[in-house]
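Secondary and tertiary structure notes
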There are 2 protein chains.
Amino acid sequence: MLHFENDFQSKNDEQTEKMMQDAYEKILLEKKEGVSGYFTLGRDSLPILDDALVYAQSNAFIQQSDTIVVIGIGGSSLGTKAIDSIFRHYRKGSKKMLFLENPDEIDLSEKLATIKKEKTLFVVVSKSGSTIEPLSIFKEVIQYFAIDYTEDDRQQIITITDKNSPLHKFSDYYGIKSFPIPSNVGGRFSVLSAVGVVPLSIAGYDIKSILEGASAMSERFFAKKENHLLQKAAFLTRHKDKTPINVLFSYANCLEDFTKWYVQLWGESLGKIDKNGNHTGLTPVGHIGSTDQHSFLQLIMQGPRDKTVTFIKVTNFKKDLKIPDISLKFIEAADYVNGYTFNELINGECEATKESIINEGISVDAITLDSFHEKNIGALIMYYELLTSLCGIMLNVNTYDQPGVETGKRILKNRFTKNER
Amino acid sequence: MLHFENDFQSKNDEQTEKMMQDAYEKILLEKKEGVSGYFTLGRDSLPILDDALVYAQSNAFIQQSDTIVVIGIGGSSLGTKAIDSIFRHYRKGSKKMLFLENPDEIDLSEKLATIKKEKTLFVVVSKSGSTIEPLSIFKEVIQYFAIDYTEDDRQQIITITDKNSPLHKFSDYYGIKSFPIPSNVGGRFSVLSAVGVVPLSIAGYDIKSILEGASAMSERFFAKKENHLLQKAAFLTRHKDKTPINVLFSYANCLEDFTKWYVQLWGESLGKIDKNGNHTGLTPVGHIGSTDQHSFLQLIMQGPRDKTVTFIKVTNFKKDLKIPDISLKFIEAADYVNGYTFNELINGECEATKESIINEGISVDAITLDSFHEKNIGALIMYYELLTSLCGIMLNVNTYDQPGVETGKRILKNRFTKNER
């Protein structure tokens, strides 16, 4: 169960109601016309899930492997990593996941040194099939582990990429198993496609429940049962000039990679030149409570009034670790939390911080998960994807492209090919 | 060696020159009057360093320990963690460091399960000596490892706190070794005080070189040999309404905790009500290149023009790991980086991204370290502390306090003591 609470500092007026109605019709059209395919991935990915599990069961190498290395960057790794970072704390006896993302030679060398070739499945993920970072890292993996394309070696590689991409053609040529990404699902919206489903299900996670949670959220939204989403999008976009920054404060360490996924989804989807030629967008900032209260809260409370704040908290961590009823001599003032669980302390901090921010007249909203259940995480992912689409519609931008990153890629290529480094 | 480069989209005028001159005089006064004590920590902490090393050598327990657990949050852990995160990749055979920061019971339980009591030194850090998170975690450590205050157990605890704080009195009472934090050095400016010096030097890091690097930067600045600092502070604060966000893009995974340290330093120091009663500040955002180019670059390029961008890159990672000269069938388009090092690729990405952002008319600056030498990191820390002080002076705020976080603490206490949770 997810609970949503909007504490915005302005009420809906007629204009807002009209924005909400328009956006609902447009997102319905996006779904109907397949402008993006993510809306129905909760259902559409079920055959991919079956395919992945059948393939894994029939593959002797995978059966005896204990590690999955995902080679990918940005949308090809962030969502998968976010889910792994949450559920690896709850799973026993399945495969470990490792992510090779940045072409940072220290990080790469250290991780390679921990990998045992005979126990590792390599999953290469690139939507375009031509991303320079994962392909360069894949080459290093090929050389480091002396991978030739014999049948044995082919068994330990999977690629996930667009149909007919260079990486797909390469896979076909060598008889390497490849899973397609739907052409209308962009990298940052792809976690519930083969991109996340294949490696996470082979790793042993309950992906079916995640997909179910996502489906349920999507269906409830389109049945107009999650209208708080429309309200939040309308509030954020109407006030984009006054409060252009949205801070996501998640109160659990294991949600750190989820906040990074949110930063990409939000930043890359909404930071655009709109249909009238204006630079627009909302700037996402991800933080972890209570740690980052000691870092960012002062700025929210007394700095420029350019932020809205979203809180995520989890009612039940399922550990029930209590703060011992110990009184330290001279430090008795800290005894007021004795006997409560750490879970109660961290959630108490979330509530206290929220209250202090609301008292300042800052707009906040809160998402409460009753537990780290797979269905809740699936629903949370779909919630954020829908919210992003709605904000994109209201900002009058193309939510699903990223034209601004092409210049840098061109300059990079020139630097190397023309030796302009 | 550090190299600094400012690519700002406006030139200094007379008013700016005056701002710079004024700020220089005021920061000189802050140093002279001891408004903050961090300016000279590079030198002032040398006796603490000696004390820590002598203590460690005389302590049989520490001599045979292999792990240091730092219990602290915010300014009590971030800087120490930032330094550990960089240098643990270069050090062999010394002690491992672990940080207990957030009262997250999953994270806490998992870390406790990996700790061997007989091999672990616990360092409890709290400036006020009454911070609720580390004290609650310390109680859990006491219970979990059945620590009583016998001589054996006392040997494996060190506290770092203000003189006469509750934690200091507790330490004195039980004969636990305690190191003081200078009263005029706040948490987020304290990494070069006992807070960082004691655990990091006992862990085996070359803290002397870090202190030397910091000292040299401070001395060069006050000798007017690092005037780019004044220029940067003047540019950022003059344009605070147009570009209130500073994005720090560090091109190395091991700098991620450094970017978190920067976020705290910047956010908590500058996000204030200024002397005229206005909310002011600059919002810090930390990112890692090239990974986060796939997340945040689109927003910088095409989103609202409210950001400046700072790049940090390191010329020589000292690994020289080359991208293999392998051509993958159908993916030959990715061969243009073959034979170059990953170091050259990541730095090429930094340069290409910087160029593409400058082409958009966005103000950037760049800091280049020739290597991850301790002196460079010490200088970088001092550079950011000085920059923060200069911005604070120019924004007319008190850089060194944090009044905005008190309300939340009061509400938290009420929730628990009055059972208002």
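These numbers were taken from a predicted model, which means no experiment stands behind them. (Residues numbered from 1 in each chain as written. Chains lettered and ligands numbered in written order. Predicted model: local features only at pLDDT ≥ 70, side-chain atom pairs only at ≥ 80, totals over all residues.)

**Notes on the sheet that holds strand 10 (residues 283-288) of chain A**
Across a sheet, strands are paired by hydrogen bonds formed along the backbone, either parallel or antiparallel in direction. All names here are of chain A. In spatial order, the strands read 1-12-11-7-10; together these five strands make up an open sheet with mixed pairing. Either end of the sheet is taken by a strand with one partner, and the two such strands are strand 1 (2-7) and strand 10. On average, each strand axis in the sheet is tilted by 15° relative to the strand beside it, whichever way the strands run. Relative to strand 10, strand 7 (residues 245-250) is paired through six bridges, and the arrangement is parallel. Bridge pairing links S250 to I288 in strand 10. Its contacts with the sheet place helix 12 (residues 228-238) against strand 1, strand 7, strand 11 (307-316) and strand 12 (364-371), and it is angled at close to 35° to strand 1. (Pairing = 2+ DSSP bridges. Helix = DSSP H or I, 4+ residues; strand = E, 2+ residues; numbered from the N terminus. Axes fitted to C-alpha atoms, helices over the stretch in contact; angles between N-to-C directions. Contact = placed C-beta atoms within 7 Å.)

**So, the relation of the copies chain A and chain B**
Overlaying chain A on chain B yields an RMSD of 0.0 Å, the required transformation being a rotation through 180° with an accompanying axial translation of 0.0 Å. Viewed as a symmetry operation, the transformation between the two copies matches a two-fold axis. Every residue of chain A has its C-alpha some distance from the rotation axis, and the shortest such distance is that of V285(A), at 3.5 Å. Taken together, the interface assignments show that 100% of the residues at the interface of chain A recur at the interface of chain B, consistent with an identical surface on both copies. (Least-squares fit on C-alpha atoms with pLDDT ≥ 70 in both.)

**Here we look at the interface of chain A and chain B**
Counting residues at the interface gives 102 residues for chain A, matched by 102 residues for chain B. Looking at the side of chain A that touches chain B, the element that brings in the most residues is helix 15 (residues 342-359) of chain A, giving 13 residues. Of the residues contributing to the side of chain A that touches chain B, the split by class is 45 nonpolar, 35 polar and 22 charged. (Nonpolar A, V, L, I, M, F, W, Y, C, P; charged D, E, K, R; others polar.)

**Quick notes on helix 5 (residues 78-87) of chain B**
Residues and elements named next belong to chain B. Burial of helix 5 is extensive: nine of the 10 residues sit out of reach of the surface. Every buried residue of helix 5 is accounted for by L78, G79, T80, K81, A82, I83, D84, I86 and F87. The inward-facing, buried residues of helix 5 abut strand 2 (67-71), strand 3 (96-100), helix 10 (194-202), helix 11 (207-222), helix 13 (256-270) and helix 16 (374-395). (Buried ≥ 20, exposed ≤ 12 C-beta atoms within 10 Å, placed from the backbone.)

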